[in-house]
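The primary structure of each chain is shown beneath.
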Amino acid sequence: MALNNVKETFGAALPDDGTAVDVLIAGAGPTGLALAIDLTRRGVRTLLVERQEQLSPGARGNGIQPRTQEVYDDLGLIDAAFAAGGRYPKTARWENGEIVDVTEMIEQVDPTPGNPYSNALMVPQYRNLELLRARLRELGQDVVFGTELTSFDQDSTGVTARLHHTDGTERTVRGAYLVASDGGRSTVRRALGVKMSGPELEPVGVLLADVRVDGLDRDHWHRWELPNGGFVGMLPLARTDRFQTMIASFNGTTDTSPETIRAELAAHTHLGAEQIREVVWSSLFRPRAGLVDSYRTGRVFLAGDAAHIHSPAGGQGLNTSVQDAYNLGWKLGQVLRHGAPDSLLDTYETERRPIAEGILDTSTRLHRTRTLRRGRDLHQLGIGYPDSPLTRELRTDLAEGIPAAGDRAPEAPCTTADGTPTRLFDVFRGPHFTLLDLGGTGIDDGALPADPALLRVVRVGGPAPDLIDSGGHIRDAYGPAPAVLLIRPDGYLALATPPENATAQVAAALETYLGAGTETVPAAR
């Protein structure tokens, strides 16, 4: 299959001296690393630069919500994440040196066949970044540290960026696209002149620290209420010997030295300063909230904190940011590798900005009400794109509870035709679209693209099945009626159609993602 025009004219003759790439990514936080992983596995040449000399330290945001765990499953990270993480413990509230009550602040939800990742996973952010980088290196790429994007220009065919290295040298890099994942004070956003606005949050400081402590159990998330309405929290970080410490409504010194950390904890808890054995990392944080007016300016995109910033209440910021990358990554891949029109990239803002707006409202509400209880509404499994221009639901008799086009595609354990256990997430994993033929609809895959890097046709049931729904989990998840479902690379239903005229409907839908005139060859059977 011929590559698209952008790749042919820009990327086919890329020099090996690092002066030209397909996508330049500024900022190696969770957003930039996730995007680099997704693009690299698609064969898109990327350059990920980070102005710091190393990955950001500190536990910071440490909750990986269930939907993000599904993203990590697809990106090849989930086993490493579970090996590095754990569940959140119950919260113990202290008064006068004693625990006075213990509560389950974060609701625990039993997994189901359709939702195997059902609870937030605690992975300290510094460890999360290490896992993401390790996965990127497995794919043959890495972060270029000590390199700051200082300025850029764009034209109709690409972006020219100036990079400054900590050794004082500078170089110019040309990219077809630039993605800014450079944080809430984004250099790229400011250069574009894109405005960010949002609700006002109370102007209080939060002193954060990762500490090693003697004499405090690791079975609870410890909490002390302060007379000024703030609190101190100490969370034992999974699979480490550290506690993440948060002193909220901290109105004193801006000094974050180990001596200050010890003094503040001794003043507001029953712990003595000598019990704070080591302060590994500390920072002063002031909650902000905001959302940009536009996610795209020409060939430049904003993602993660560069596009939206949230109160940490609810643990939504990092997860929303990773899913920005997951949404943008496959679309850049389709444009750069498979001939999709550039207009496909406009749907990144169309789909993601309303999600960020809703999550901003949620995190702001939790921040203002100081609500401690965290439920499954924060898992982000219910997020979808039913109103997206990429979504087509053609069934008219859909039963209640059955996912419609625009919804997340559920998991379902099943077997291959020879009885080998497998699951739908194994089938979905990778940069391709998946076409699920439920019930032997007779779809003509010979009339569809045959490249498995683009599209994989999977028959469930029927005369020549690829998968057997031996436990009925696919039926439970997707309904008993015969149907054809086109699953996007990011795990959402793009098209749902009854068997009648399904081949033509799928072919028409694929033109949106592959471009008109995409070559097809007879499929191997």
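Since this is a predicted model, take the numbers as computed values, not measurements.

K.L.:
Explain the pattern of salt bridges to me, and be specific about the residues and the numbers.
P.N.:
Using the criterion set out here, one finds 32 salt bridges in the structure. Here Glu138 and Arg135 are joined by a salt bridge, their closest N and O atoms 3.0 Å apart. Here the residue Glu138 and the residue Arg135 both occupy positions in helix α5 (residues 125-138), the gap between them amounting to 3 residues, near one helical turn. The exposure class of Glu138 is exposed, given its relative accessible area of 59%. Ionic pairing is found between Glu351 and Arg488, a salt bridge with its closest N-O pair at 2.7 Å. Residue Glu351 is located in helix α9 (residues 346-369), and its partner Arg488 is located in the loop between β27 (483-487) and β28 (493-497); the two are separated by 137 residues in the primary sequence. For Glu351, a relative accessible area of 2% translates into the label buried. Here Arg488 falls in the buried class, since its relative accessible area comes to 3%. Members of the salt-bridge network, linked through shared partners, are Asp73, Glu411, Arg423, Asp426 and Arg429.

K.L.:
Break down empty space enclosed by the protein for me, with residues and values.
P.N.:
By the definition in use, this model includes 2 cavities of 30 Å³ or more. The computed volume of the largest cavity comes to approximately 150 Å³. Residue lining of the largest cavity: 14 residues in total, with Glu70, Asp74, Tyr326, Phe425 and Phe428 positioned closest to the centre. When residues of the lining of the largest cavity are traced back to their parent elements, those giving at least two are α3 (66-75) and α10 (424-428). Among the elements that take part in the lining of the largest cavity, α3 stands out by supplying 4 residues, more than any other. Its residues assigned to classes, the lining of the largest cavity shows 6 nonpolar, 1 polar and 7 charged. The computed volume of the second largest cavity comes to approximately 40 Å³. In terms of lining, the second largest cavity is formed by Arg67, Gln323, Tyr326, Asn327, Arg352, Tyr385, Asp490 and Tyr492. Element by element, the count of residues in the lining of the second largest cavity is highest for helix α8 (residues 317-338), at 3 residues.

K.L.:
Now, about unusual backbone geometry: what can you tell me, with residues and values included?
P.N.:
Excluding glycine, a negative phi dihedral is what most residues carry, and trans is how most peptide bonds are arranged. Backbone geometry at Arg60 places phi at a positive 45°, although glycine is not the residue there. You can see Arg60 is positioned in the loop between β2 (46-49) and β3 (63-64). Here Asn501, not a glycine, exhibits a phi torsion of approximately 60°, which is positive. Tracing the sequence through the fold places Asn501 in the loop between β28 and α12 (502-514). By relative accessible area, which is 53% here, Asn501 ends up exposed.

K.L.:
Give a detailed account of the side chain of His220, specifying residues and quantitative values.
P.N.:
Looking at the secondary structure, you find His220 in strand β13 (residues 220-225). Reaching out from His220, the side chain makes a polar contact with the side chain of Asp217 at a distance of 3.0 Å. The residues touching His220, leaving out its near neighbours within four places in the chain, are Pro89, Lys90, Ala92, Val102, Met234 and Pro236.

Criteria and cut-off values
Residues numbered from 1 in each chain as written. Predicted model: local features only at pLDDT ≥ 70, side-chain atom pairs only at ≥ 80, totals over all residues. Heavy atoms only, no water. Salt bridge = Lys/Arg side-chain N within 4 Å of Asp/Glu carboxyl O. Helix = DSSP H or I, 4+ residues; strand = E, 2+ residues; numbered from the N terminus. Buried < 20%, exposed > 50% of the residue type's maximum accessible area, 1.4 Å probe, protein only. 1 Å grid on protein atoms, 1.4 Å probe; cavity = no way out; pocket = protein on both sides within 12 Å on 5 of 7 lines; lining within 4 Å. Points joined across faces, edges and corners; volume = space filled by probe spheres on them. Nonpolar A, V, L, I, M, F, W, Y, C, P; charged D, E, K, R; others polar. Polar contact = N/O pair within 3.5 Å; in protein donor to acceptor, adjacent residues only side chain to side chain. Contact = heavy atoms within 4.5 Å.

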